[in-house]
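Structure at a glance
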Amino acid sequence: MTQNHFPPPTPYSYVPQPRPSVSFKQAMRNNKRYLWHFSGRASRSEFWKPWGLWVAVCILPLIAGYIGWIAIVFNMGSQPGSAFANFVLIYFLVYAFLVFALGITFTLMTLSLGWRRLQDAGFPGALWLLNFIGIGIVPLVMCMMPASHNGLSYDGPQDFNRP
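As a starting point, this report considers the structure included with it. Residue numbers here run from 1 along each chain, matching the order of that chain's written sequence. Note on the predicted model: pLDDT of at least 70 is required for a residue's local features to be given, and 80 or more for side-chain atom pairs to be given and counted; whole-chain, interface and lining totals, by contrast, use all residues. For side-chain calculations, the full set of non-hydrogen atoms in the structure is used, while hydrogens and water are omitted.

**Considering the overall build of the protein chain**
What the protein chain contains, in helices and strands, is four helices and zero strands. In the protein chain, the succession of helices and strands from N to C terminus is α-α-α-α. Type-normalised accessible area, obtained with a 1.4 Å probe on protein chains alone, sets the label of each residue: buried when under 20%, exposed when over 50%, and partly exposed for intermediate values. Out of the 163 residues belonging to the protein chain, those deemed buried represent 34%. Whether two residues are in contact is decided by their heavy atoms, any of which lying within 4.5 Å being enough. In the protein chain, the share of contacts with a sequence separation of at least 24, taken over all contacts with a separation of at least 6, comes to 70%. The method behind every accessible area is Shrake-Rupley, applied with a 1.4 Å probe, and residues are considered shielded solely by the protein chains displayed. Surface summary for the protein chain: the accessible area is close to 10,600 Å², and the carbon and sulfur share equals 73%. Each helix corresponds to a stretch of at least 4 residues labelled H or I by DSSP, and each strand to a stretch of at least 2 residues labelled E; elements are numbered beginning at the N terminus.

**Quick look at the side chain of threonine 110**
Among the structural elements, threonine 110 can be located in helix 3 (residues 83-120). Residue class for threonine 110 comes out buried when judged on its relative accessible area of 3%. Here threonine 110 is in contact with Trp51 and Trp128, once residues within four sequence places are set aside.

And the structure:
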């Protein structure tokens with residue numbers, strides 16, 4: 001006969017569990033569903049999978065832009081007002097608009113996600129705003145930390161039992 005060494009559960013003995021790891025599809029679904037939801041928590045997989053996708057999406061135009069800049073530098077001998085000079089101007093305008101639009105989209109898509117991830121790690125979500133003053137590496141390092149039991153204090157009633 002084995003004995004149970006654990007006391008029976010009481011309403012006050014609830015220990016918060018960390019958010020479960022989710023698949024890539026579920027992480028993207030949660031990112032879309034909770035885009036403007038700042039209360040609650042996000043697991044590490046729920047943060048890094050969409051964040052990594054957005055970084056990849058933003059890096060591809062930068063690589064294409066650098067390749068275009070190299071091609072332009074090798075053809076700088078053309079006359080002002082030529083077809084090539086007009087192409088360069090249009091290229092830079094389109095490229096600047098694309099990079100600006102991707103930057104705004106990346107910011108909006110990851111704002112609440114980073115906020116919730118910091119809360120899951122036990123930090124105030126407002127620390128995610130450090131990205132806007134140039135020290136964005138600090139919140140990213142904090143997002144690498146495991147879930148904290150203090151993260152439950154950031155959950156609202158609507159956050160319990162959400163996927």
